[in-house]
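Per-entry structural report
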Amino acid sequence: MLKANKNYKLKYYDSVNSRDVDWLWYPYIPYGKITIIQGDPGDGKTTFVLNLVALLTQGKSLSQTDSEKEAIVAIYQNAEDGIEDTIKPRLESVGADCSKVAYLEYDGKPITLSDDRIEQAIVNSGAKLLVLDPLQAFMGNADMNRATDVRALMQKLAKIADRTGCAVVLVGHMNKATAGKGIYRSLGSIDLIAAARSALLVGKVKDNESVRAVVHIKSNLAPQGKPIAFELSENYEFRFIEDYEITQDELLGESASFDDGKIGNAAKIISNILKDKQVLASEVIGACKNSGLSTRTIYSAKNKLGVRSTKIDSRWVWEIESEGESFEDNRTNE
């Protein structure tokens, strides 16, 4: 007969009360779970996260399909940039309510993924979002390439997220591999992304330098969300682009193709609408979509035409500053 072991209890699932998953942003960022947002350096993942923080601390919707909600408190912990000369100015520039954005100030022992101070900070502040940027800087003495080290850290962080109900977002760099799916491009052990319940890939759109796409590459708690994108104006102003059509393979540069005929058609429509005037971006996009053109095709044409986006009284307008070469001329010279 086996000797009794008091280190565990045997329970049956009929004693468990089921509950629905709560969402900070459905289906991309769940409450009480870990989400990883990854991308190559300079591709816009931190810009994306800071703008999410800004919108959430103002109680604004995260996209056209998301309703406005109560403003939340967020903890944004950045291990690479200066607080006074970089982080605070960036938060202000994206419109964050800095009275609702906290960080952990400490002397001596650095913050790690399994740090008890993280849970204390979440509880004391009432934060509903915790961002650690970049996650590689919060590994402590653990080897991020060793599965056993990574599992121990991520399991503890997952329990903190579950106990507090806080959405935990880890911002990660990609490895230097030039092939393979996005979930295999994370730095370190695959156990890092395996522990996340959701993962987003952020990257530059190859034919449009002003646009960054966001592809949902892992989703354990809901159907994968549609790809989305955001545009950065010349002044680094941020705006979401809805219904952006792109795959993770295209975003990673493994395969990408466009129908120049469709782009040319979009360019003609845009040129005619913007002839010598400013027009609301929503009106131009709507006219193109009424002709059966996709959002991605519209923005590809916009880029080729050199259309400028400007924010006026909280609304975005497009304009063509100078005539320059026609789209058809550019295309024949490619």
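Read on for an overview of the structure. (Residues numbered from 1 in each chain as written. Predicted model: local features only at pLDDT ≥ 70, side-chain atom pairs only at ≥ 80, totals over all residues. Heavy atoms only, no water.)

1. A look at the pattern of salt bridges
Tallying each qualifying case throughout the model produces twelve salt bridges. The shortest N-O distance in the salt bridge between Asp 97 and Lys 100 comes to 3.4 Å. A salt bridge links Arg 146 to Asp 149; the nearest nitrogen and oxygen atoms lie 3.8 Å apart. Asp 149 gets classed as partly exposed once you look at its relative accessible area, which sits at 24%. A network of salt bridges, in which partner residues are shared, links Glu 231, Arg 239 and Lys 302. (Salt bridge = Lys/Arg side-chain N within 4 Å of Asp/Glu carboxyl O. Buried < 20%, exposed > 50% of the residue type's maximum accessible area, 1.4 Å probe, protein only.)

2. Topic: unusual backbone geometry
With an omega of -5 degrees, the peptide bond between Tyr 26 and Pro 27 qualifies as cis. The step from Asp 133 to Pro 134 runs through a cis peptide bond, and the omega angle for that step is -10 degrees. If you trace the backbone, Pro 134 turns up in the loop between strand S6 (129–133) and helix H4 (147–164). Here Asp 243, not a glycine, exhibits a phi torsion of approximately 55 degrees, which is positive. Here Asp 243 shows up in the loop between strand S11 (238–241) and helix H6 (248–251). (Helix = DSSP H or I, 4+ residues; strand = E, 2+ residues; numbered from the N terminus.)

3. Some thoughts on the sheet that holds strand S14 (residues 315–319)
Note on sheets: strands pair through backbone hydrogen bonds, and any given pair is parallel or antiparallel. Pairing is antiparallel across the open sheet formed by three strands, whose spatial order is S12-S14-S13. Edge positions in the sheet fall to strand S12 (279–280) and strand S13 (308–312), since each of these pairs with one other strand and no more. Where S12 and S14 come together, two bridges link them in antiparallel fashion. For Val 279, the partnering residue across the bridge sits in S14 and is Trp 318. (Pairing = 2+ DSSP bridges.)

4. Concerning the packing of helix H8 (residues 281–290) against helix H9 (residues 295–305)
H9 packs onto H8 with a crossing angle of 120 degrees between their chain directions and a minimal axis gap of 10 Å. The angle between H8 and H9 places the two elements in the oblique class. Helix-helix and strand crossings are classified by hand; for H8 and H9 the assignment is right-handed. Residues Ile 285, Cys 288 and Lys 289 of H8 lie in contact with H9, whose contacting residues are Thr 295, Ile 298 and Tyr 299. Classifying every residue of the contact of H8 with H9 by side-chain character gives four nonpolar, one polar and one charged. (Axes fitted to C-alpha atoms, helices over the stretch in contact; angles between N-to-C directions. Parallel < 35°, antiparallel > 145°, perpendicular 65-115°, else oblique. Left-handed = near helix turned anticlockwise from the far one by under 90°. Contact = heavy atoms within 4.5 Å. Nonpolar A, V, L, I, M, F, W, Y, C, P; charged D, E, K, R; others polar.)

5. Description of the environment of Lys 88
Residue position: Lys 88 is located in helix H2 (residues 83–93). Looking at Lys 88, the relative accessible area reads 38%, which means it is partly exposed. Taking the C-alpha atoms as reference, Lys 88 lies 9.8 Å from Val 101; in sequence the two are 13 residues apart. Sequence-distant contacts of Lys 88, defined by excluding residues within four places in its chain, comprise Ile 83 and Cys 98.

6. So, the nonpolar core
Leu 113, Leu 130, Met 139, Leu 170, Tyr 244, Ile 270 and Trp 318 are the most contacted members of the largest nonpolar core, which has 61 residues in total. By size, the runner-up hydrophobic cluster in this structure holds 35 residues, among which are Tyr 28, Leu 52, Val 169 and Val 171. (Core = buried A, V, L, I, M, F, W, Y, C linked by side-chain atoms within 4.5 Å.)

7. A few points about the sheet that holds strand S5 (residues 101–102)
Strands sit in the order S5-S4-S6-S7-S3-S8-S9-S10-S11 across an open sheet of nine strands; the sheet is mixed. If you trace the sheet from one side to the other, it starts and ends with S5 and S11, each paired once. Here six bridges tie strand S3 (residues 34–39) to strand S7 (residues 167–173), and the two strands are oriented parallel to one another. Among the inter-strand pairings, Gln 38 is bridged to a residue of S7, identified as Gly 172.

8. Description of a negative patch on the surface
A grouping of Glu 80, Asp 81, Glu 84, Asp 85, Glu 105 and Asp 107 is seen on the molecular surface, where their side chains present a negatively charged patch. With respect to the element layout, Glu 84 can be found in helix H2. With a relative accessible area of 68%, Glu 84 lands in the exposed category. (Patch = residues over 30% accessible without salt bridge, like charges linked within 9 Å, V, L, I, M, F, W, Y side chains within 5 Å. Areas by Shrake-Rupley, 256 points an atom, 1.4 Å probe, with all protein chains shown as cover. Lys, Arg positive; Asp, Glu negative; His and termini not counted. Charge placed at Lys NZ, Arg CZ, Asp CG, Glu CD.)

9. What about a nonpolar patch on the surface?
Together, Tyr 8, Leu 10 and Tyr 12 give the surface a local cluster of nonpolar side chains, amounting to about 430 Å² of exposed area. Within the secondary structure layout, Tyr 8 lies in the segment before strand S1 (23–25). Assessed through its relative accessible area of 56%, Tyr 8 is described here as exposed.

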